[in-house]
Structures are given as C-alpha cells and as structure tokens.
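Geometric and topological summary
Single-letter residue listing:
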Amino acid sequence: MDKTLACAICGGKPAIKVSYIDSYLCKEHFLEYFERRVLSTIKYFNLIEEGDVVAAAVSGGKDSLSLLYVLKKFSEELGYTVFGIAVDEGIQGYREYKLKALKKVAEKIGVKIFAASFSENYGLTLDEAIKIAMRKGFEYKPCSICGVFRRYLLNLAAKELGADKLATGHNLDDEAQVFLMNVLRGGVPNIAREYPISRGGHEKLVTRIKPFYFIPEKETLTYALLRGLDTPFVECPYVKYSIRHGIRRWLNSREREQPGTKYKVAASSLLYGEIFGKTYVSMASLQTCKYCGAPSTSEICRACAFRIYLGLTPGTIKLKIHEI
Amino acid sequence: MTLIKVHVNVFGRERRTVEVKKGSRIIDVLEKLSLNPVEIVVAKNGEVVPEDDFVSDGDRLDLYSVVSGG
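As a starting point, this report considers the structure included with it.

**A word on the overall build of chain A**
Looking only at helices and strands, chain A features twelve helices and ten strands. Scaling as 2.2 N^0.38, a compact globule of 324 residues should have a C-alpha radius of gyration of about 20 Å, and chain A matches this with 20 Å. Summarising its shape, the C-alpha atoms of chain A cover approximately 65 × 40 × 40 Å along the three principal directions. Among the 324 residues that make up chain A, the fraction classed as buried is 43%. The long-range fraction of contacts in chain A, counting pairs at least 24 apart against all pairs at least 6 apart in sequence, stands at 71%.

**Structural notes on the overall build of chain B**
Helices and strands together make up the secondary structure of chain B, namely one helix and five strands. Helices (α) and strands (β) of chain B occur, in sequence order from the N terminus, as β-β-α-β-β-β. Computed over C-alpha atoms, the radius of gyration of chain B comes to 11 Å, within 12% of the 11 Å expected from 2.2 N^0.38 for 70 residues, which places it in the range of a compact globule. The principal-axis extents of the C-alpha atoms in chain B amount to approximately 40 × 20 × 20 Å. Evaluated residue by residue, chain B yields a buried proportion of 33% over its 70 residues. The long-range fraction of contacts in chain B, counting pairs at least 24 apart against all pairs at least 6 apart in sequence, stands at 45%.

**Description of helix α7 (residues 172-185) of chain A**
Structurally, the α-helix is built with 3.6 residues per turn, so residues lying three or four positions apart point the same way. All names here are of chain A. The terminal C-alpha atoms of α7 lie 20 Å apart, and with 14 residues this matches the ideal 20 Å at 1.5 Å per residue to within 8%. Among all positions in α7, only Leu172, Asp173, Asp174, Glu175, Ala176, Gln177, Val178 and Phe179 are buried. Count one or two residues on from α7 and you reach glycine 186, which has phi positive near 70 degrees.

**A closer look at the interface of chain A and chain B**
Every contact between the two is made by 26 residues of chain A and, on the other side, 21 residues of chain B. Elements that contribute at least two residues to the side of chain A that touches chain B include exactly β1 (14-18), α2 (62-78), α9 (217-226) and α10 (244-257) of chain A. Among the elements that take part in the side of chain A that touches chain B, α9 of chain A stands out by supplying six residues, more than any other. Taken together, the residues that form the side of chain A that touches chain B break down as eleven nonpolar, five polar and ten charged.

**As for the pairing of strand β2 (residues 14-21) of chain B**
Residues and elements named next belong to chain B. Burial within β2 is sparse, with just zero of its eight residues counted as buried. In the sheet, strand β1 (residues 3-10) pairs with β2 via eight bridges, with the strands oriented antiparallel. Each bridged residue has a counterpart across the sheet, and for valine 10 the counterpart in β2 is glutamate 14.

**Remarks on the sheet that holds strand β7 (residues 207-209) of chain A**
Neighbouring strands of a sheet are bound in pairs by backbone hydrogen bonds; such pairs are parallel or else antiparallel. Residues and elements named next belong to chain A. Pairing within the open sheet is mixed, and its six strands lie in the order β7-β6-β3-β4-β5-β10. For this open sheet the edge positions go to β7 and β10 (322-323), each flanked by a neighbour on one side alone. Here three bridges tie strand β6 (residues 165-167) to β7, and the two strands are oriented parallel to one another. Along β7, the bridge assignment pairs leucine 166 with arginine 208. Packed onto the sheet, α2 meets β3 (53-58), β4 (81-88) and β6 and runs at close to 160 degrees relative to β3.

**Here's the deal with helix α5 (residues 126-135) of chain A**
All names here are of chain A. Within the span of α5, buried status applies to Leu126, Ala129, Ile130 and Ala133. Viewed along the axis of α5, the buried residues span an arc of 100 degrees, placing them on a single side of the element. On its buried face, α5 is in contact with α4 (118-122) and α6 (142-160). Of the residues flanking the end of α5, it is glycine 137, one or two places downstream, whose phi is positive at about 100 degrees.

**Concerning the packing of α7 of chain A against α10 of chain A**
All names here are of chain A. Following both chains from N to C, one finds α7 and α10 inclined at 115 degrees, their axes separated by 10 Å at the closest point. Between α7 and α10, the crossing angle belongs to the class labelled roughly perpendicular. As for the relative orientation of α7 and α10, their crossing is right-handed in sense. Residue-level inspection shows Asp173, Ala176, Gln177, Leu180 and Met181 of α7 in contact with α10, the latter providing Arg244, Ile247, Arg248 and Leu251.

**With respect to unusual backbone geometry**
Of note, the phi angle at aspartate 22 of chain A is positive, near 50 degrees, even though the residue is not glycine. For aspartate 22 of chain A, the position within the fold is in the loop between β1 and β2 (23-26). Even without a glycine there, the phi angle at asparagine 45 of chain B is positive, about 50 degrees. Within the fold, asparagine 45 of chain B resides in the loop between β3 (40-44) and β4 (47-49). Look at asparagine 45 of chain B and you get partly exposed, because 13 C-beta atoms sit within 10 Å.

**Concerning the environment of cysteine 301 of chain A**
Summarising the element assignment, cysteine 301 of chain A is placed in the loop between β9 (295-296) and α12 (302-309). Beyond its immediate sequence surroundings of up to four residues, cysteine 301 of chain A is in contact with Cys289, Cys292, Ala294 and Ser296 of chain A.

**Observations concerning the sheet that holds strand β5 (residues 60-65) of chain B**
Residues and elements named next belong to chain B. Within the open sheet, the five strands sit side by side as β2-β1-β5-β3-β4. Their pairing is mixed. Edge positions in the open sheet fall to β2 and β4, since each of these has one partner strand only. Direction aside, the axes of adjacent strands within the sheet are offset by 35 degrees on average.

Analysis parameters
- Residues numbered from 1 in each chain as written.
- Chains lettered and ligands numbered in written order.
- Predicted model: local features only at pLDDT ≥ 70, side-chain atom pairs only at ≥ 80, totals over all residues.
- Helix = DSSP H or I, 4+ residues; strand = E, 2+ residues; numbered from the N terminus.
- Rg over C-alpha atoms; globule rule 2.2 N^0.38 Å.
- Buried ≥ 20, exposed ≤ 12 C-beta atoms within 10 Å, placed from the backbone.
- Contact = placed C-beta atoms within 7 Å.
- Expected span 1.5 Å × (residues − 1).
- Nonpolar A, V, L, I, M, F, W, Y, C, P; charged D, E, K, R; others polar.
- Pairing = 2+ DSSP bridges.
- Axes fitted to C-alpha atoms, helices over the stretch in contact; angles between N-to-C directions.
- Arc of directions from axis to C-beta.
- Parallel < 35°, antiparallel > 145°, perpendicular 65-115°, else oblique.
- Left-handed = near helix turned anticlockwise from the far one by under 90°.

Written out as structure tokens, the structure is:
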C-alpha cells in the first residue's frame, strides 16, 4: 500500500477518504469521528434532553439504520429512551426488503420497532396511489404523495406512542439539496423553517430533530457498512421521478470538484434559519385542518388534500400500528 | 503496458470485469464505469477502502450506491 494512504490519526489502514478535510481515516478513527460529530450536534442544538422519549423514523436504509444505532449508543450517556417507527408505504420489491434488514438490526441492538402501513391507515398502498395519480395526469409526483403521507403517519405514531422527539435520518446532502430546491422555488419561508430542530411547536406536532444534519450521505453509508448494519441493494423505484435527483447529481459533481461544497451550502441554510427562523415561525399561524384536525398552514392539510385527490375519504385516522 | 482485470459488483445489479493499467487505483475503475466517487462506497475483497486505494489483478470490488432513496 502507498505510504500516503494511511489514517491521519494512527497511520493505520484507511477505510475512507474524507475529502473535505483532505484526510484518510481508518475504521476505528472514522467511527469515532462520525459519532463525535453526531453527539456534538445533539448537544449544541439541544436536540435531546435528559428523560426524553425519542422516536427514530426508520426505513431500513443506511441513514436510518445508522441513526438507530447511534441513538441507542448515546441513550444511556444522555439519559433518554429510544424506539423506532417504520412506515410501510407499500412499494413492492423495495420496502419489504428494507424492513427485514431493519428488524434484524433492531434485534441486534435491542430497540423496539413499531410499523404502520399506508394500506391499513390510508386504505391504499403507494403503488396503488401512483397508479391513480398517473391516470389523473401525474400532477403530483410519487415523492410528494409519499412524503406527505409518511410524515403525517410518523407524527401521529410518535404522538400516540408518547414520544417527545421524532428523530429523522436527514443528512448533510438532504439539507444542501432541500436548500437549493427552496432557493430555486423562491420558498423563503421553507428555507427559514429548515433547521436541526423544528421550531414553533403545536400540541399535535412532535418536535422533529436531525442528528445527522452535518454528516455527508457517503459517511452514513460507510458507517452502516463498517458497523455491519446490512441494508439490501435495492433502490426505491420512484427515485427517478424525484426533482431532487437532478440537484443531487449536480451537487455531487460540484462536491467532487470542490470538496466541502455541501458544507458551504448547508452553512447558508443554517444562517437563513438563524436569521429568518423566528420571524417566519412566529408569522406562520397554524390553522386546524377542517377534516382531520391536524395543524396545517391552510384550511385543509396536505394529507387530507391528497386523500381527496386520490378519491379517498379525508378525516381523522385511527392509527393502526404494531410491533415488528 | 500491462493490463490487469478487476471484477466489479455494481450495486448488486450487475457484474462487470474492468481492465485497467497495472498500478491503477479504484478511482480509475470508477472512471471507466462513469461513476462519481462522491456517490460510491467501495469494498475491496470484502473490506471498505478509500477510492484512492490501488487495485491488483483479480481483485473483487463491491460498489455501494450512496444514492439509494433512503
């Protein structure tokens, strides 16, 4: 092996090149570096308080498996409890494999996982919803419908299961992509809302936290592989429809040419969140959805609006959830 | 110029044999496959390694895609 290919800390065999600090790290020092940054994020932004019950939104992908592992690891030190909530959207050939991987990891680390499905709670799978949307001219893309339905169920489940915080696996790449998408759309209120912890609470909304806010996506995958958190080689069949896909590719090509680009974009996002966050959060008067009573920025929440669009009946959902 | 053969498992979907010059690095193999190293994690003969690591004749590379949709 080339002499220059050595861990910057111990000189051992490297597992990863961390381009933005121009260094190689071995397995041991990369895991330590990864976990230290997550812990710093949790502490600096006060994401979790002692005694909290934390629900981790888990899909069985590399981000959420790593998230579950790290949250469990820190739970004793920081004095909180953690469990997972999985949403089965009903994407054939994809989600069933991811959920199997999730169950295996959860058993290995000793965390309970609860699962709620679109079919049991909304009356149809995402695959069925997409077929309806396609017949209607594909006005809404799969990721829009899926994201709204998933967030709604996650919040409902977290609330009913007594969680104080809902942790998601959103990483640095997600934050940088969302910021650029919001800039392109001119969505200043959305830019101001993005932050490692949700602000402007509501009694029906569980506070959302993002412990991986400063972790690049490549590192969450490397962490999962190095920790033996196996996730199958399957890709969501609807990823190609996402408008985020193009932005992601572009951002990754910029990152290759100039390592650290994503951090610079995320820093701008954070700055906007700091400067405009309080103003927009206090201005955004939340209403109550006239069908289901959920907090909403308009008369009808997006989950009920999508249910109407898909020919379903809007209204309160009596949560159906079970431990897997 | 001596060429070596590297066996590549591309995201569990496709198996390719790539020929590169002796003394090449993983990044050269990714280049031949038109892949951006920012979007890939590589295991060489079962061990996670950086993309600057060298390849030898007969090495097996497993490529993991960062872009998996969650």
